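Remarks on the overall topology
Below are the chains, spelled out letter by letter.
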2 protein chains.
Amino acid sequence: MAAPSEDALRRALAARKAAVDAQAEALKALKVEAGAAARRLQQAVGAGAGGAAREELRQAVVNTLERKLFYIPSFKIYRGVAGLYDYGPPGCRVKANVLSFWRQHFVLEENMLEVDCPCVTPEVVLKASGHVEKFTDLMVKDEKTGTCYRADHLLKDFCKEKLEKDLALPQEKADEFKRILAILDDLSAEELGAKIKEYGIVAPDTKNPLSDPYPFNLMFQTSIGPTGLSVGYMRPETAQGIFVNFKDLYYYNGQKLPFAAAQIGQAFRNEISPRQGLLRVREFTLAEIEHFVDPEDKSHPKFVDVADLEFLMFPRELQLSGESAKLMKLGEAVSKGTVNNETLGYFIGRVYLFLTSLGIDKGRLRFRQHLPNEMAHYAADCWDAEIECSYGWIECVGIADRSAYDLKAHTDKSGVPLVAHEKFSKPREVEKLVIVPSKKDLGLAFKGNQKMVLEALEAMSEKEAFEMKAELETKGETNFKVCTLGKDVVITKKMVSISMEKKLEHQRVFTPSVVEPSFGIGRIIYCLFEHSFYTRPSKSEEEQLNVFRFPPLVAPIKCTVFPLVKNQEFDDAAKVIAKALTTAGISHIIDTTAISIGRRYARTDEIGVPFAVTVDSATNVTIRERDSKEQVRVDIDEVAPVVKQLTEGQSTWTDVSAKYPAHVGPQSEQE
Amino acid sequence: MAAPSEDALRRALAARKAAVDAQAEALKALKVEAGAAARRLQQAVGAGAGGAAREELRQAVVNTLERKLFYIPSFKIYRGVAGLYDYGPPGCRVKANVLSFWRQHFVLEENMLEVDCPCVTPEVVLKASGHVEKFTDLMVKDEKTGTCYRADHLLKDFCKEKLEKDLALPQEKADEFKRILAILDDLSAEELGAKIKEYGIVAPDTKNPLSDPYPFNLMFQTSIGPTGLSVGYMRPETAQGIFVNFKDLYYYNGQKLPFAAAQIGQAFRNEISPRQGLLRVREFTLAEIEHFVDPEDKSHPKFVDVADLEFLMFPRELQLSGESAKLMKLGEAVSKGTVNNETLGYFIGRVYLFLTSLGIDKGRLRFRQHLPNEMAHYAADCWDAEIECSYGWIECVGIADRSAYDLKAHTDKSGVPLVAHEKFSKPREVEKLVIVPSKKDLGLAFKGNQKMVLEALEAMSEKEAFEMKAELETKGETNFKVCTLGKDVVITKKMVSISMEKKLEHQRVFTPSVVEPSFGIGRIIYCLFEHSFYTRPSKSEEEQLNVFRFPPLVAPIKCTVFPLVKNQEFDDAAKVIAKALTTAGISHIIDTTAISIGRRYARTDEIGVPFAVTVDSATNVTIRERDSKEQVRVDIDEVAPVVKQLTEGQSTWTDVSAKYPAHVGPQSEQE
């Protein structure tokens, strides 16, 4: 499950928390609150002085991305739709490369069962998953125009504005606004509404009064079939398609655990008012893995392969004590219990390798553990891969141990048991609680209510049953609460017999736990763009040139071919090279535009092409590496094999420049 | 644009036809009708005697596909949703392989500009494209229960049932039912309704009376944003996302024509009552190409590469004369004008190569030209790649020259000119019509209506203008119809001056034509499954074994590795081989189940794995080819390179069996 529903779950959890025994938890909760407060405040107000520089970087990146059609605001000629973007040609290729690597790194490497389910989803599935009820944001409406706003956004903007611009703000008020920013996510509709009223917040565009906040479901709703009676939604995540297929997939896998299923596909979230440009959009690509595992054995045979990895981790304790993320060895994090289990740890390691292979900067990547109040109540542990970009630390991958929650929810709703079996090599003797109510005595005592009492007796836990047995044996009768009747009844000794009996069992039947790494592909790609972007002066130093330092794995095009000047001989040589590149499966373009070679280099640097071949002779040519701007001279026949080895990682630029003569000639970087 | 909207366009066209000069077209229409009738009748009643065999084949294929999880009815544990299917693990890999090959064969090979646009589409875009108005099917409702049916389906079922089962049917009636089946697609709502009444057709499930037919829009509707005021639809095709981006893509391509854009993605069609299993579904993957070309030059530089291809073509003339498709050379089809132009012909050839590379049987693939009444009025020519399967000839790829229609529609609606420019090397003198109304005289004559008359005068075509000029010169005045006023007015000589003037032009501005190959990926894959499926007896001849003869390009897994018996030595050798296969990028599985090797072969044959490696020694092993069942013996180190060359097409099984010793040993095909 991706970021989208976290807000909603968090709110649901906040409500649930109230029910938890307040005294025992009080001290811990206080600490959590303080730690969470510090973190959220920092996120809300930005990194202070760095804010302007970040904004400037973002503008430079986004300008380049839009100018080179990495992205295009969708339906632009019709003035677009907020929160919808197209990937243009280079962006589309980057996306295809990222997904293809994802499939290789996760699906093929681990022999996962990949599935491909529809986006249109019937209501019953999303009722079972909780999305129909809880996948909501709180909204307020301009009472005159009907324009809608996210309630928390308005309160956040108000507090930030006051803190940043009101120089006469008393300390007391400032502290209050800071506190609100810190607990914003946990406020109920009533609390948000009260604050909006108290501060006199009005509609930003019209200054009209606002409605009370109310929940707005973020799923795009539609109707399946022609009758209008069958409600459907565009899926908010791909995971449910996997859960509902658990039974078939388990059989397909020879009824063995663990196994993982995976899915890549579109997901939808009808944002109230999309912000944060490319990071919060109404339609996005998710890549999700559901790794099903025996809850009693979460070890992972390949954990050793990632145990020595060391990277920035931000466990709960560091967040609560106000410290920063720190370098930790994954193996230690698991052995010390910081990370709940090996399987979860294995995926954290694999996600780290995935992201850094794409070109995400290790220094701006951390794994942050969810605080207790952030986590769904059923989750055993949860870590987010967060990437730092100009918008702050962005959750790009969620890696959660969701225990048996999802499979149980669909088992309950569908009536189809989504369970696994462990066959014992020889039958095991187990003690089982046996409760035998006496129908006759219950009937005499409770008449029409007999069935409810009987069911309640049969549903007792072991503990309840033995407490009852003890009371019945000492006092002969006991009070018993029957929830379905809404009252206590008196149970006497002859109405029920309670005992433990020995039984032979041939197998264990259980609901598997699921460890779920969920990737927001668009967010990863956007952060990758920021991390890959830099500028450098042109040769004449008159302008700054933009460069994306994509690794070949990600680069939209691996190689460009430039005939130095327009002439038949060079054009023919360029065609020979292009043909060899095609045969080798290397994406490339020939650029014969009559502009200087320096300008042509700059043009391909700007879309991150790692290698450029300049044809300045019919027999041998130069290959230029994008970031070092170094050039080597190779024979025409060698171009394709050299570029292939470079792009497929079999050799590095250092190898190549050691092997072939360097070229410093008249055509190098003329601008 | 894919199959989906053809029905609707066809109906729209039928209405339009009425306006066409009836006399001149009468003879031609008669012929068209006859030809179309024959074709449709054949489709509607099936191939007669072959029907049962086809049904049996289909059952065998579909059973295998569902049992091996190529497909899974979506949301099965909730009793599913008609017309929605998941791809399970092997199906998902086949789909990924097909799409990856599509990208290589079309996008990379032709340097197309691939884009990736959202599924959620605002209404304005689909109003411009005509989908809001015309993307409909005619529906009837059970008047008591509200159950919906496709009106044409009910009439079709009625006629077929009568023809097949009513032995006492008079010849006259039989002819009438046959005629109805032939013209079913062209019937209006009124005509359909009249027939339903005449024949007393009732709701099939309840026998209740039915409503009159009325159009039901097949798009899934939703609402964008929280206000409920902004209507959106799930796109019915991917093409519109490309058209609205034409301007940016044209600039990206250096303002040069021709160029092609491409898109792979989900499309949606809210079928009234889905039939035909996997062929007509509510959500499907399309892969579409929009090749933009100067309407004055539709030659294609690479046409020579496909001109010598020879395959089954079914041009209009053969259909009209009742003949069958016949083998034609593509080069001749274009030079004789059977195919409208080289660009269209080039894509027909490329589609042929694409489909046959996947494993589509050449003998069950034909290119059928649209009849005049099937084609949208704006289309210059249109050919469907039809594949024969148990459902008959199925349109899997549409290849249409749609002229300038789509770009013009979006230019009109958005006000943004989607045009191309041809800069002249030197300015050209052209004659241009100049209409100069006299505002003063128009004002005096028409007062408040002056503006409408003026605009109507300026909007005259060259022909209208010169007829007016002639009348004004001979009679001094003329009647002139002003549509916006809804009446004729009298125009006198002094009110307008009409002349031709010579002008120098520096460029030509025009709307490009678009040639659109549109691939229904799911339909292609389903037909591929049928074409690849066969059965053969097990060794003991006690049962029939299922095989999919997928080429390695398509096969979900390229290779399986079987340790012959459970022992450490063989297991270790299998791991060494698996590691080498992973490094070589060959997807594979190790199957260590303790069942006979013959059963394990049968199991992988059934999901179409082309090569199986059996480990019966620690130093050398056998490789088995799926269809011939031949085995060769190779050293362990050679397994990965040999399988890689086989799967990547660098060597054939014939090469391999010539080079390595054949193996006929105890482990071959034990069942």
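Residues numbered from 1 in each chain as written. Chains lettered and ligands numbered in written order. Predicted model: local features only at pLDDT ≥ 70, side-chain atom pairs only at ≥ 80, totals over all residues. Heavy atoms only, no water.

1. As for the overall build of chain A
So the rule is basically this: The secondary structure listing takes helices from DSSP runs of H or I that are at least 4 residues long and strands from runs of E that are at least 2 residues long, numbered from the N terminus. Only protein chains enter the accessibility calculation, which uses a 1.4 Å probe; a residue whose area is less than 20% of its type maximum is buried, one above 50% is exposed, and one in between is partly exposed. In this description, contact between two residues means that some pair of their heavy atoms is separated by no more than 4.5 Å.
Tallying secondary structure elements over chain A gives 23 helices and 28 strands in all. Overall size of chain A, expressed as C-alpha extent along the three principal axes, is 105 × 75 × 55 Å. By residue count, 56% of the 671 residues in chain A fall in the buried class. Taking contacts inside chain A between residues at least 6 apart in sequence as the whole, the part at least 24 apart equals 69%.

2. What about the packing of aromatic side chains?
Convention followed: Here a Phe, Tyr or Trp ring, Trp counted by its six-membered ring, pairs with any other such ring whose centre lies within 6.5 Å, and the pair is stacked when the planes are under 30 degrees apart, edge-to-face when over 60, and tilted otherwise. A positively charged side chain is recorded as over a ring if its NZ (Lys) or CZ (Arg) lies within 6 Å of the ring centre. The angle to the ring normal must also be within 35 degrees.
Going through the model one piece at a time under the given rule, you end up with 64 aromatic pairs over all chains. For the ring pair Phe-311 of chain A and Phe-367 of chain A, a centre distance of 5.0 Å and an interplane angle of 50° mean the geometry is tilted. With Phe-311 of chain A in strand β12 (residues 310-314) and Phe-367 of chain A in strand β14 (residues 365-369), this residue pair connects regions lying 56 residues apart in the sequence. Summarising the burial analysis for this pair, Phe-311 of chain A and Phe-367 of chain A share the class buried. Linked through ring pairs, Phe-70, Tyr-71, Tyr-87, Phe-529, Phe-533, Phe-548 and Phe-550 of chain A together constitute an aromatic cluster. Cation over ring: Arg-58 of chain B sits above Tyr-391 of chain B, and NZ or CZ is 3.7 Å from the ring centre.

3. Thoughts on the pattern of salt bridges
What counts here: Here a salt bridge means any side-chain nitrogen of Lys or Arg lying within 4 Å of a carboxyl oxygen belonging to Asp or Glu.
The tally for this structure, following the rule as stated, stands at 89 salt bridges over all chains. Note that Glu-388 of chain B is salt-bridged to Arg-54 of chain B, the shortest N-O span being 3.1 Å. Residue Glu-388 of chain B is found in strand β15 (residues 381-389), and its partner Arg-54 of chain B is found in helix α3 (residues 50-67); the two are separated by 334 residues along the sequence. Residue Asp-166 of chain B is joined to Lys-162 of chain B by a salt bridge in which the shortest nitrogen-to-oxygen separation is 3.8 Å. Asp-166 of chain B gets classed as partly exposed once you look at its relative accessible area, which sits at 29%. Using a relative accessible area of 29% as the deciding quantity, one classes Lys-162 of chain B as partly exposed. Here the salt bridges share partners, and the residues they tie into one network are Asp-137, Arg-150, Asp-152, Arg-269, Glu-271 and Arg-280 of chain A.

4. As for the side chain of Asp-591 of chain B
Residues and elements named next belong to chain B. Spelled out, the test is: Two N or O atoms form a polar contact when they lie within 3.5 Å of each other; inside protein one atom must be a possible hydrogen donor and the other a possible acceptor, and for residues adjacent in sequence the pair counts only when both atoms belong to side chains.
Following the sequence through the fold, Asp-591 ends up in the loop between β25 (588-590) and α21 (597-605). For Asp-591, a relative accessible area of 10% puts it in the buried group. A distance of 2.9 Å separates a polar atom in the side chain of Asp-591 from a polar atom in the side chain of Arg-603. The residues contacting Asp-591, other than those within four sequence positions of it, are Val-561, Phe-562, Pro-563, Arg-600 and Arg-603.

5. Digging into the interface of chain B and chain A
By a frequent convention, interface size equals the accessible area lost on bringing the separate parts together. Formally: Once two parts are brought into contact, the accessible area they lose, counted with a 1.4 Å probe and summed over both, makes up the buried area. The nonpolar class holds Ala, Val, Leu, Ile, Met, Phe, Trp, Tyr, Cys and Pro. Asp, Glu, Lys and Arg form the charged class, and all remaining residues, Gly among them, are polar.
On the chain A side, the residues contacting the 73 residues of chain B number 72 residues. Carbon and sulfur atoms make up 65% of the area that chain B and chain A hide from each other, which totals about 5900 Å². It is Phe-75, Ile-77 and Tyr-78 of chain B in chain B that bury the most area against chain A; as a group they hold 13% of the surface buried on that side. Between chain B and chain A we count four salt bridges in total. Here Lys-95 of chain A ties to Asp-116 of chain B by a salt bridge, and the two come within 2.5 Å at their closest N and O atoms. On inspection of chain B and its partner chain A, the count reaches 22 residue pairs in polar contact (both at pLDDT 80 or more). With nine residues, the top contributor of residues to the side of chain B that touches chain A is helix α4 (residues 89-108) of chain B. Across the side of chain B that touches chain A, the residue classes tally to 41 nonpolar, 18 polar and 14 charged.

6. Here's the deal with the relation of the copies chain B and chain A
This is how the line gets drawn: When the copies are superposed, the least-squares fit draws on C-alpha atoms of residues that have pLDDT of at least 70 in both.
Superposition of chain B onto chain A requires a rotation of 180° combined with a translation of 0.1 Å along the rotation axis, giving an RMSD of 0.3 Å. Both chain copies can therefore be described as sitting about a two-fold axis. Across chain B, the rotation axis passes nearest the C-alpha of Thr-222 of chain B, at a separation of 2.7 Å. Here 99% of the interface residues in chain B have copies in chain A that are interface residues too; the copies meet face to matching face.

7. Examining helix α8 (residues 171-183) of chain A
Heads up, the condition is: Working rule for helices: expected span equals 1.5 Å times residues minus one.
Over its 13 residues, α8 of chain A extends 19 Å from the first C-alpha to the last, a length consistent with the 18 Å expected when each residue adds 1.5 Å. For α8 of chain A, the set of buried residues is Ala-174, Phe-177, Ile-180, Leu-181, Ala-182 and Ile-183 of chain A.

8. Some remarks on the sheet that holds strand β9 (residues 231-234) of chain B
Residues and elements named next belong to chain B. Which entries qualify depends on this criterion: Here, a strand pair is defined by DSSP locating no fewer than two bridges between the strands. Throughout, an axis means a line fitted to C-alpha atoms (over the contacting stretch in the case of helices), and angles, computed between N-to-C directions, take values from 0 to 180 degrees.
Strand order in the open sheet made by the three strands is β4-β9-β8, with antiparallel pairing throughout. Two strands close off the open sheet at either side, each with one partner strand: β4 (120-122) and β8 (221-223). The mean inter-strand angle of the sheet, taken between neighbouring strand axes irrespective of direction, is 45°. Strand direction decides the pairing type here: β4 and β9, joined by three bridges, are antiparallel. Paired with Val-120 across the bridge in β9 is Met-234.

9. Notes on the sheet that holds β12 of chain A
All names here are of chain A. One open sheet accounts for nine strands, arranged β3-β10-β11-β21-β16-β15-β14-β12-β13; its pairing is mixed. Edge positions in the open sheet fall to β3 (113-115) and β13 (326-329), since each of these has one partner strand only. Put simply, the sheet's adjacent strands are angled 30° from each other on average, direction ignored. Lying over the sheet, helix α4 (residues 89-108) contacts β3, β10 (259-268), β11 (283-293) and β21 (513-520), oriented at roughly 160° with respect to β10.

10. Examining the side chain of Thr-622 of chain A
All names here are of chain A. Examined against the element boundaries, Thr-622 turns out to sit in strand β27 (residues 620-625). Judged by relative accessible area, Thr-622 falls into the buried class, the value being 0%. A polar side-chain atom of Thr-622 sits 2.9 Å from a polar atom in the side chain of Gln-631.

11. Quick notes on helix α16 (residues 439-446) of chain A
Residues spaced three or four apart along an α-helix point in a common direction, a consequence of the helix completing one turn every 3.6 residues. Buried within α16 of chain A we find Asp-441, Leu-442, Gly-443 and Phe-446 of chain A. Contacts made by the buried residues of α16 of chain A are with β17 (420-437), α17 (450-458) and β19 (487-492) of chain A.

12. Looking at the UniProt feature "domain: Aminoacyl-transfer RNA synthetases class-II family profile" (unreviewed entry) in chain A
Stated precisely, the cut-off is as follows: UniProt positions are given in the numbering used here, feature names are shortened, and annotations may be inferred rather than shown by experiment.
Under the UniProt annotation, the feature "domain: Aminoacyl-transfer RNA synthetases class-II family profile" (unreviewed entry) is placed at residues 59-537 of chain A. Secondary structure across residues 59-537 of chain A comprises 35% helix and 30% strand; the distance between its end C-alpha atoms is 18 Å.

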